[in-house]
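# A closer look at the structure
Chain residues, written in single-letter form:
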Amino acid sequence: MSELLMTEDYWAKLEGIWKVPVVVRPEFIGYLERANDRVFIHCDVFEWNRTVKQEIEFYLDILIKLQDGPLYAEHNVGDKKHLKWLKIYKFEFLESQINSEGLVKQVYIRKDQ
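The notes below deal with the structure included here.

## Quick look at the layout of surface pockets
Empty space within the largest pocket amounts to approximately 530 Å³. Residue lining of the largest pocket: 18 residues in total, with C43, V45, K81, H82 and W85 positioned closest to the centre. Contributions of two or more residues to the lining of the largest pocket are made by strand 3 (38-45), strand 4 (71-76) and helix 2 (80-88). Its residues placed into classes, the lining of the largest pocket shows seven nonpolar, four polar and seven charged. Space inside the second largest pocket adds up to approximately 190 Å³. As for the second largest pocket, its lining consists of E33, A35, N36, R38, F40, H42, E74, E95, Q97 and V107. Contributions of two or more residues to the lining of the second largest pocket are made by strand 2 (28-35), strand 3 and strand 5 (92-98). Here the lining of the second largest pocket takes three residues from strand 3, the largest share from any one element. Broken down by class, the residue content of the lining of the second largest pocket amounts to three nonpolar, three polar and four charged.

Here it is as structure tokens:
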């Protein structure tokens, strides 16, 4: 299992850094990003199979518990592959927003299961 890099003063040490890797595995890297008082999850997947799917689920549950609140995901409208990923991991639509570039982004949320 990968080491989780979170400590009590985790966010205080990361001032000025946007996406921080918190789960590093050969098959995927999970990142957290704090923005607008929310913690967003990002994930780069290099290999996809049933085991990887289960490991990501395992780490999502841990990350939600460790940071004692929901995780958010930003979704680009029209990205069907990403939307499927959000549904697999039980993220629910929260809201639509217009970003600083004038593009519509959707925000999804996943709470403790």
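## Quick word on the pattern of salt bridges
Within the structure shown, the criterion is met by six salt bridges. Residues K90 and E57 are paired through a salt bridge, measuring 4.0 Å at the closest nitrogen-oxygen approach. Taken as a pair, K90 in the loop between helix 2 and strand 5 and E57 in helix 1 (residues 50-66) lie far apart in primary sequence, 33 residues in all. With a relative accessible area of 43%, K90 lands in the partly exposed category. Note that R110 is salt-bridged to E57, the shortest N-O span being 2.8 Å. With R110 in strand 6 (residues 104-110) and E57 in helix 1, the pair connects residues that are 53 residues apart, well separated along the chain.

Reading guide: rules and limits
- Starting from 1, residues in each chain are numbered consecutively following that chain's sequence as written.
- Selection of residues for local features in this predicted model requires a pLDDT of at least 70, selection of side-chain atom pairs for listing and counting requires 80 or more, and totals for whole chains, interfaces and linings are taken over all residues.
- To get the side-chain values, take all heavy atoms of the structure and skip hydrogens and water.
- Buried and open spaces are told apart on a 1 Å grid over the protein atoms alone, a cavity being a set of points where a 1.4 Å probe fits but cannot get out and a pocket being an open set with protein on both sides within 12 Å along at least five of seven lines. Residues with an atom within 4 Å of a point are the lining residues.
- Grid points are joined across faces, edges and corners, and a volume is the space filled by probe spheres set on the points.
- Secondary structure elements follow DSSP: runs of H or I no shorter than four residues count as helices, runs of E no shorter than two count as strands, and numbering proceeds from the N terminus.
- Gly counts as polar in this scheme, as do all residues outside two lists: the nonpolar Ala, Val, Leu, Ile, Met, Phe, Trp, Tyr, Cys and Pro, and the charged Asp, Glu, Lys and Arg.
- The term salt bridge refers to a side-chain nitrogen of Lys or Arg lying within 4 Å of a carboxyl oxygen of Asp or Glu.
- Classification of residues uses two cut-offs on accessible area relative to the type maximum, computed with a 1.4 Å probe and protein chains only: under 20% is buried, over 50% is exposed, and between them is partly exposed.

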